[in-house]
Amino acid sequence: MLRSPSVCRLVQAVSATSSRTATVRRRLPDFAKARRSYSSPSPNNNASLSRTTGVTILLTSAATLVLSHLWYQRAPVLAESCDPDQLRKVQPADIGSEKAQYAGAKETQRVIELLRSKLGEDQVTTNPDELLSHGVSANTYHAAAKPDVVVYAESTEDVSAVMKIAHEYRVPVTPFSGGTSLEGHITCPFGGICVDLSRMDRILEVHETDSDAVVQAGAQWEAINEELKERGLALFFPLDPGPSACIGGMMATGCSGTNAVRYGTAKGEWFLNATIVLPNGDIIKTRQRSRKSSAGYDLTKLFIGAEGTLGIVTEATIRLAPILPTRVAVCGFPGVEEAVQAVGEVINRGVPMQCVELCDTLMMSAIKRFGNVNMPLPSLDTIFFKFQGSDPASIDASVKIVSEIARNNGGQDLVFAVDDAQSEELWRARKSAHWSAMALVEGSTCYSTDVCVPVSNLPRLVHETKRDLAEHGIVGPLLGHVGDGNFHAALIFKADVPGEFEKVDEAAHRMVERAIALQGTCTGESCAPFSELIPAGEHGVGIGKRVRQVLKDEHRSADAGPQMYLRSELGDGTIAVMKTLKNALDPHGIMNPGKLYPD
């Protein structure tokens, strides 16, 4: 019996909420086992943290459920509507000299029995609801594709045991941690095993003097920062993708966030090393904990952005940064070009900035109308500045420099926070962007996409995108991480209106093609539900930007064939090197098949 897609959505949201709430309860580690010298935090503080985070996650999941309901009444549920054995006949990308041939139904059932014999009773499940909740995300419009079995790993050794069995029987494996992917990374188009790492959520070690920590792959970045705050440490992990994103997924998708202009992305030096389980079950550690090393290849970075296609991250050593005072300001500009010019001058003057965010005029209109912000805000294309300094005096000096640069570039309606409360209110306006944008069209939902280009090309990309949206009658306020050339489009549409989704989907793909033509990337940021409007220069490739069927328009013939974004962006030679690495590490092609690599 086929499950209604809307019921699937409900199951997924409830399951995700339950899982995340359980994660909150498990979050704080056993400090004795973790070899830390600190005393345990008070039970009252733990309870307060669990309640606060649990409520936030519950509200986020509920809101996502309601806003996505109409779309999922018509979204396909691939694994529910296809015969599993027929599905396995679909071939992934070239693997070596032959196509991969995965285990059939009988072999997969044998694998499930072996997994149950080697792991705990509550670690292996074939419950239909749990399978479905691991084959679809509340943050995406990609079709659901469920696994045959979900394994809840509790240690690196568990993951190794799973991979050895999967390797022997040629069963596909899909890693799962936070489940916040936007580009279909967690779906299982070939069935197989989903390895859920959410139980591996501990902070194993914190080295305050070295400003680093050893954490498991299922640890959420927010939980890490909350724990550091609870311990009274003036340190934090600065990569800030969407809520509930976990370390494993953040590494796999090469994530970033609003702090990228100051702290860079996951592909910087924020992951010092990683423990990886390879496709054959072998366990490696990419390097030692020292801040730098020139010993051999940088294998840590090999797995950052690999999207789970080369192995499974189980632990990582992350760098921490000192928490510094900040202050927020906003300034309107006559246009995006003037705003980008001002930001470039600010950055080139060496003004310390933690975040630099652009909201276009339509986004600012939405925020002013629906953002529940009392402070005055500009109505123009607006930059949100988050200043950073070692003390108030240094921030005051930065404010003076930025004020002068803004005025020289036509800046108007400058609003500077005078204290922490005003800073929080102004930044809350930025964070309200998504829900404010959706309020522009009653009964709507949002298609999120983003791209990244060299900063100098950002004004042209924004101008051409806005013109394209206007010509096609699409409401699409824009938000950009202007300091690094990354911007999001919130394409607002009504899921129950025939043709609406297809219209915004085509607009999103045109934006990607435009970005690649401007020396940019089809990806902007990762692990990020658009509810936070955070940089796919950040979302990764997954299945969403791996390949699309090009439709006929004035520039293409009807038989133009599939457009492969990764090949367009990187070229055949680079793709060939990537596939060589893939074939060497994963000759059976079992690691997260159907993702990243173009066929």
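Here the structure is a predicted model, which means the values were calculated and not measured.

Calculation notes
- Residues numbered from 1 in each chain as written.
- Predicted model: local features only at pLDDT ≥ 70, side-chain atom pairs only at ≥ 80, totals over all residues.
- Heavy atoms only, no water.
- Phe/Tyr/Trp six-rings, centres within 6.5 Å; stacked < 30°, edge-to-face > 60°.
- Buried < 20%, exposed > 50% of the residue type's maximum accessible area, 1.4 Å probe, protein only.
- Lys NZ or Arg CZ within 6 Å of the ring centre and 35° of its normal.
- Helix = DSSP H or I, 4+ residues; strand = E, 2+ residues; numbered from the N terminus.
- Pairing = 2+ DSSP bridges.
- Salt bridge = Lys/Arg side-chain N within 4 Å of Asp/Glu carboxyl O.
- Axes fitted to C-alpha atoms, helices over the stretch in contact; angles between N-to-C directions.
- Contact = heavy atoms within 4.5 Å.
- Arc of directions from axis to C-beta.
- Core = buried A, V, L, I, M, F, W, Y, C linked by side-chain atoms within 4.5 Å.
- Expected span 1.5 Å × (residues − 1).

A. Here's a closer look at the packing of aromatic side chains. Tallied over the full model, the rule gives eight aromatic pairs. When the ring of Y263 is compared with that of W270, the centres are 5.8 Å apart and the planes differ by 70 degrees; the resulting orientation is edge-to-face. Across this residue pair, the class does not change: Y263 and W270 are buried. Among the aromatic residues, those joined into a ring-pair cluster are F236, Y263 and W270. Across the ring face of Y263, the terminal group of R262 is positioned such that the distance to the ring centre comes to 4.6 Å. Geometry around W427 places K386 over its ring, the cationic atom sitting 4.3 Å from the centre.

B. Geometry of the pairing of strand β4 (residues 193–196). By the alternation rule, side chains of β4 split into I193 and V195 and C194 and D196, which are all buried. By the bridge criterion, four bridges tie strand β2 (residues 149–152) to β4 in an arrangement that is parallel. Paired with V149 across the strands is I193, a residue of β4. Looking at chain direction, strand β3 (residues 173–176) and β4 are connected through four bridges and run parallel. Bridge pairing links T174 to C194 in β4.

C. Representation of the pattern of salt bridges in the model. Here the structure, examined in full by the defined rule, presents 16 salt bridges. Between E113 and R110 there is a salt bridge, and its shortest N-O distance comes to 4.0 Å. Taken together, the residues span about one helical turn, with E113 and R110 both in helix α5 (residues 105–118) at a distance of three residues. When its relative accessible area of 43% is taken as the criterion, E113 is described as partly exposed. Taking the shortest distance from any N to any O, the salt bridge between E464 and R514 comes out at 4.0 Å.

D. Structural detail: the sheet that holds strand β14 (residues 381–388). Read from one edge of the open sheet, seven strands run β15-β12-β14-β13-β17-β18-β16, paired in antiparallel fashion. The open sheet has two edge strands, β15 (412–416) and β16 (445–452), and neither has a second partner. With direction set aside, neighbouring strand axes in the sheet form an average angle of 15 degrees. Inspection of the sheet shows strand β12 (residues 326–333) paired to β14 by eight bridges, in the antiparallel sense. Counterpart to T326 in the pairing with β14 is Q388. Here helix α14 (residues 392–408) sits on the sheet in contact with β12, β13 (353–359), β14 and β15, set at roughly 5 degrees to β12.

E. Seen up close, the environment of K494. Along the chain, K494 falls in the loop between β18 (486–493) and α18 (500–517). What makes K494 partly exposed here is its relative accessible area of 32%. With 53 residues separating them along the chain, K494 and V441 place their C-alpha atoms 8.3 Å apart. Apart from residues no more than four positions distant in its own chain, K494 is found in contact with V441, E442, G443, S444 and E500.

F. Just the sheet that holds strand β9 (residues 283–285), in detail. Ordered by their spatial adjacency, five strands build an open sheet running β5-β6-β10-β8-β9, and the pairing between neighbours is antiparallel. One side of each edge strand has no neighbouring strand; the edge strands of this open sheet are β5 (203–207) and β9. Strand after strand, the sheet turns through a mean of 10 degrees between neighbouring axes, direction not considered. For strand β8 (residues 271–277) and strand β10 (residues 312–319), the ladder comprises six bridges, and the chain directions are antiparallel. Counterpart to N273 in the pairing with β10 is T317.

G. Molecular detail of helix α13 (residues 361–370). Buried within α13 are the following residues: M363, M364, A366 and I367. Buried residues of α13, seen end-on, are gathered within an arc of 160 degrees and therefore sit on one face of the element. In the core, the buried residues of α13 are packed alongside β13, β14, α15 (420–431), α16 (433–438) and β17 (478–481). Directly beyond the C-terminal end of α13, a positive phi value near 55 degrees is found at N372.

H. Seen up close, the nonpolar core. Judged by nonpolar contacts, the single largest core of 46 residues is most densely connected at M353, I383, F385, F387, V482, F487 and L491. Once you skip the residues sitting within four places of it in the chain, F387 turns out to touch P325, T326, R327, A329, V351, P352, M353, I395, S398, V399, V402 and F416. If you look at the next biggest cluster of nonpolar residues, it comprises 34 residues, including A219, A245, I304 and L320.

I. Looking closely at helix α12 (residues 336–348). Counted at 1.5 Å a residue, the expected span for α12 with its 13 residues is 18 Å, and the 18 Å between its end C-alpha atoms agrees. Every buried residue of α12 is listed here: V336, A339, V340, A342, V343 and V346. Summarising the axial view, the buried residues of α12 lie within an arc of 160 degrees, below the 170-degree limit, and thus occupy one face. Opposite the buried face of α12, by more than 90 degrees, sit the exposed residues E337 and N348. Buried residues along α12 sit in contact with β12, β13, β14, α14 and α17 (458–471). Directly after α12, the chain includes G350, whose backbone phi takes a positive value near 80 degrees.

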